[in-house]
Amino acid sequence: MGLDRAASIDDLRSLAKRRIPRFAFDLVDGGAENERNLRRNSEAFEELELTPRYMRDVSRIETGTRFLGQDYALPFGMAPIGMLNAFWPEADVTLARLCKRENIPYVASSAASTTLEKLAEAADGNGWFQLYVSGDDDVTEGLIARAEAAGYEVMVVTADVPAAGKRDRDIRNQLAVPFRFTPEVVLQCAMNPRWALTSLSHGTPNIANYADLLKSATSYADVQKTLITARFTWEDLKKLRARWKGKLLVKGILHPKDAVKCADLGCDGIIVSNHGGRQVAFGPPTIEALPGIAQALAGRIPVAIDSGVRRGADVLRAKASGADFVFAGRALAYGVGAGGADGAQRAMDILNLELVRALGQLGAASFEDVASKV
Ligand SMILES: Cc1cc2nc3c(=O)[nH]c(=O)nc-3n(C[C@H](O)[C@H](O)[C@H](O)COP(=O)(O)O)c2cc1C
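Keep in mind that what you see is a predicted model, and the values were worked out from it rather than measured. In every chain, residue numbers begin from 1 and rise along the written sequence. Reporting of local features is limited, given that this is a predicted model, to residues whose pLDDT is at least 70; pairs of side-chain atoms are given and counted only at 80 or more, and all residues count toward the totals for whole chains, interfaces and linings. The side-chain values count all of the structure's non-hydrogen atoms but skip hydrogen atoms and water molecules.

### Focus on the pairing of strand 7 (residues 247–253)
Along any regular strand, the residues point their side chains to alternate faces of the sheet. Among the seven residues of strand 7, six are classified as buried, and the element is accordingly described as predominantly covered. Alignment of strand 6 (residues 154–158) against strand 7, held across five bridges, turns out to be parallel. In the strand pairing of strand 7, Met-155 is matched with Leu-248. When strand 7 meets strand 8 (residues 269–272), the two strands line up parallel, connected through four bridges. Counted as the bridge partner of Leu-249 is Gly-269 from strand 8. Chirality of the crossover, the property in question, places the unit of strand 7, helix 12 (residues 256–264) and strand 8 among those that are right-handed. When accessible area is computed with a 1.4 Å probe and restricted to protein chains, residues below 20% of their type maximum are described as buried, those above 50% as exposed, and intermediate ones as partly exposed. A run of DSSP states H or I qualifies as a helix once it reaches four residues; a run of E qualifies as a strand once it reaches two. Both are numbered from the N-terminal end. Here the rule is simple: two strands pair whenever DSSP picks up at least two bridges between them. Handedness is read with the strands pointing away from the viewer; a crossover is right-handed when the path from the first strand over the helix to the second is clockwise.

Encoded structure:
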C-alpha cells in the first residue's frame, strides 16, 4: 500500500511500522506497562456513539474554531512529542511547518529533538511551548526565558510525569538516548535502509534543548530524571503562573478537583490527558474523564483533551463530551513516519476529511454546533 491508498490513521501507522526499525517505532507507538490505557483511550472514543440528526442545512461546513483568543482553521492541534526525529528524521520541523500551513497550533515539546528556537521559526506564530519542570530551578528558568525570547505566547505545563512511565517495550528494546548501537539495533537499522540512511545524514537524534546537560546520561529513564522533577507541586504552579505573562495551560489533568484548582490558580485552560497512555496503565481513558471535569469547571476556563484521537469523529466526540479543543499526538506522527512531509499532509487530510463528513452526518454545520448531549 502506498500513501495515496492510505485511508485511515491506522493505515498510516501500518505503513510507518513497515519502514521504521522496531526500537524507534516502539518508542512512539508504545504505552505504559501492558498498554491497557493506550488501548482504552482509543477504544473509549470508538465506543462513544453520537446520534446523527438529519434534514438540517449542512451545505456549508465551517471547521474554523476560536481558542484562547486565536482563530484556528480546525478544532485540533498537534500535541507535544519528545524525541520524534528518532521516528523519522526532521519530523519535528515537518510537523511544525504543517501546523503553520494548516493554521492549527503546534506544541513544541521541552524534550523535542529540535531546539525550541528552531521550532518557533518553523511554526511561525502557531507554536506553543510545552514545559517540563526540572528538578533544577535554573534549568526550568532557562527554558522559560528561551521560550519567551523565541516569541512563544502560550505555555503548556505538563503535570503528569511525577515518575517516569514504565514502558515495557522500551525496556525490552534496551532503549537508550542517545541510541546505543547494539548488534540488535544495527540489525534493525539494516532491515530498514531508507530510515537508516536518512537518519545517518541527519545525525543521531537527541533531546536538543538540553544537549549539553545530557551528555552524561545513559538511559532514557536517566534522561527523564534530568528533565522532570518528582516534586512539582501546586505551589510551583502558582510561581509559574506569576512568572509566565502569556497564556498558561496545564496538561495531564484527569481529576475534576485538579481541574478546578488550575482554574483557582488563574491558569488559562487545561488539557485533559493521560500522556497517550504512556504514564500509567491503570487510569481512566480521557474521553471518560472529560465530562466530569467539564461539569466541575462549568465554563470557568477552556478545556482541551488528547490521548486516543485517531478519527475526525473523535474530535466531535470530544466536543460532545465538553471539550473546547482537541490535540492529536500519534495520529499526525504516524503520518510523518509513513511518508515524511507527504505522509504528515496525508494524516492531516484524512483527519480533516473525516471531520467534515462527520459534521455533515451529525447535522452540525460547525464544531460549535455539535450538541453537548451524546
Ligand atoms: C513518543 C511520545 C513522546 C511524547 N512526549 C511528550 C512530551 O515531551 N511532553 C508532553 O507533554 N507530552 C508528550 N507526549 C504526550 C503527547 O503530548 C500526547 O499527550 C499524547 O501523544 C496524546 O495521545 P495520542 O498519541 O494517542 O494522541 C508524548 C507522546 C508520545 C507518543
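### Remarks on the site of the ligand
Near the ligand, the surroundings consist of 23 residues, among which Pro-80, Ser-109, Tyr-132, Thr-158 and Asp-306 are the closest. One of the side-chain N or O atoms of Gln-130 is found 3.1 Å from a nitrogen atom in the ligand. Between the ligand and Gly-308, the relevant distance is 2.9 Å, taken from an oxygen atom to a main-chain nitrogen or oxygen of the residue. A total of 610 Å² of accessible area belongs to the ligand in isolation, and the protein chains cover 98% of it. Lys, Arg, Asp and Glu make up the charged group, whereas Ala, Val, Leu, Ile, Met, Phe, Trp, Tyr, Cys and Pro make up the nonpolar group; the residues left over, Gly among them, are polar. In the shell around the ligand, the residues fall into eight nonpolar, 10 polar and five charged. For this purpose, a residue is taken to be near a molecule or strand whenever a single non-hydrogen atom of the residue falls within 4 Å of it. Polar contacts, as used here, are pairs of N or O atoms within 3.5 Å; protein pairs need one atom able to donate a hydrogen and one able to accept it. Residues neighboring in sequence count only if both atoms are side-chain atoms. Where accessible areas are quoted, they stem from the Shrake-Rupley method and a 1.4 Å probe; at the residue level, only the protein chains shown are allowed to cover.

### A short note on helix 6 (residues 137–149)
Taking 1.5 Å of rise per residue, the 13 residues of helix 6 would be expected to cover 18 Å, and the 18 Å separating its terminal C-alpha atoms lies within 8% of that figure. For helix 6, every residue scored as buried is listed here: Val-139, Thr-140, Leu-143, Ile-144 and Ala-147. With its buried residues spanning 135° around the axis, helix 6 presents them on a single face. Facing away from the buried side of helix 6 by over 90 degrees, the exposed positions are Asp-137, Asp-138 and Ala-149. Expected helix span is taken as 1.5 Å per residue step, with the number of steps being one fewer than the number of residues. The arc in question is the one spanned by the directions pointing from the helix axis to the C-beta atoms.

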